[in-house]
Amino acid sequence: MTGIGRYLRRSILLLVAGISLLLIALYWAAAPDWSWFSFAYDIGVGGLISLFFYWLLVHIPFSRRVSALRRHILLRYHDMKRECVIQLLFASGMPSVNSDLWSELEAPAAFREHFYANQRELWYKALNELDYGESFCFEAIIRAMERFRLELDFVLDKTELDDESFLRLRGLVLRLHDMSKVQRGTEDMKSFFGTLQTILGGWTGDGTVDYDPIERLLKGKSIAA
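As a starting point, this report considers the structure included with it. Keep in mind that this is a model prediction, so the values were computed, not measured.

## Looking at the side chain of Ser92
Looking at the element boundaries, Ser92 is found in the loop between helix 2 (38-91) and helix 3 (99-104). Those residues within four positions of Ser92 in sequence are excluded, and the remaining contacts are Phe115, Leu122, Lys125 and Ala126.

## Points about the packing of helix 4 (residues 108-115) against helix 5 (residues 117-132)
Relative orientation of the contacting elements helix 4 and helix 5 amounts to 95°, with a least axis distance of 6 Å. Classified by the angle their axes make, helix 4 and helix 5 are roughly perpendicular. Mapping the contact onto sequence places Phe111, Arg112, Glu113, His114 and Phe115 in helix 4 and Ala117, Arg120, Glu121, Leu122 and Trp123 in helix 5. The class makeup of the residues in the contact of helix 4 with helix 5 is 5 nonpolar, 1 polar and 4 charged.

## Some remarks on the pattern of salt bridges
In this structure the tally under the stated criterion is 9 salt bridges. With a shortest N-O distance of 2.7 Å, Asp212 and Lys81 are connected by a salt bridge. Within this pair, whereas Asp212 is found in the loop between strand 2 (207-208) and helix 9 (213-218), its partner Lys81 is found in helix 2, the two being separated by 131 residues in sequence. Since its relative accessible area comes to 6%, Asp212 is described here as buried. Assessed through its relative accessible area of 1%, Lys81 is described here as buried. Across the salt bridge formed by Asp157 and Arg170, the nearest N and O atoms sit 3.3 Å from each other. Separated by 13 residues along the polypeptide, Asp157 in the loop between helix 6 (136-156) and helix 7 (163-179) and Arg170 in helix 7 bring together distant segments of the chain. Sharing partners across several salt bridges, the network here consists of Arg76, Asp79 and Arg82.

What counts, and at which threshold
- Just so you know, the residues in each chain are numbered from 1, in the order the chain's sequence is written.
- Local features in a predicted model are, by the rule used here, given only for residues with pLDDT of at least 70; side-chain atom pairs are given and counted only at 80 or more, and totals for whole chains, interfaces and linings are based on all residues.
- Water and hydrogen atoms play no part in the side-chain values, which are based on all heavy atoms of the structure.
- Under the scheme used here, helices are H or I runs from DSSP no shorter than 4 residues and strands are E runs no shorter than 2 residues, and both carry numbers assigned from the N terminus.
- Note on definitions: a residue-residue contact is assigned when non-hydrogen atoms from the two residues lie within 4.5 Å.
- To obtain each axis, a line is fitted to C-alpha atoms, and for helices this fit is confined to the stretch in contact; angles are then taken between N-to-C directions over 0 to 180 degrees.
- The scheme is simple: roughly parallel for angles under 35 degrees, roughly antiparallel for over 145, roughly perpendicular for 65 to 115, oblique for anything else.
- For this scheme, ten residues count as nonpolar: Ala, Val, Leu, Ile, Met, Phe, Trp, Tyr, Cys and Pro. Four count as charged, namely Asp, Glu, Lys and Arg, and the remainder, Gly too, count as polar.
- Salt-bridge detection follows one rule: a side-chain nitrogen of Lys or Arg within 4 Å of a carboxyl oxygen of Asp or Glu.
- Burial here depends on accessible area, computed with a 1.4 Å probe over protein chains only, as a share of the maximum for the residue type. Under 20% is buried, over 50% is exposed, and the range in between is partly exposed.

Shown next as structure tokens:
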């Protein structure tokens, strides 16, 4: 859900609140002949009571649900990143992976420092294995991406984000869907490697950053902040 719906809802609520307060003010301004404006008072009070129950019965539960969904999708996002990092480490020739290492490499700067050192030796070794080696690592990454895509697609329809975050994350959903169709040993692998760099290496349209741009979008923050 984009920020347009949220803006319209807030505008309507503010309009109702403003009209209600205005009607109550008219009632008191008409003193001592209040009988002529009693209807304005009744409508104004009724509007404020309706707003209170909307806030209590709709807004608070909805806000809690949105917060829970955001926490959930952030956890699922880090699950996907962890699986991708682990499989890249295996593909680069590492026989075993400890939790401290893959946890550290979830940070874009640490990921680039590890895989891009020595003229990207480990990065190219991992990519070559994913493209032409055993298929296990490649298939594990594809499954992780697809699980996250399904979760993200659901959450985007059930929560609220600003327009920039919504459009970028919807684009990520489409991009991850395309990854499920990639065949090893084809030109499509270039797009697959680019998606890995975007998710793990902090790549944006303006270069690399040391924060996680996708995580910021999931939190509703601008990636330029």
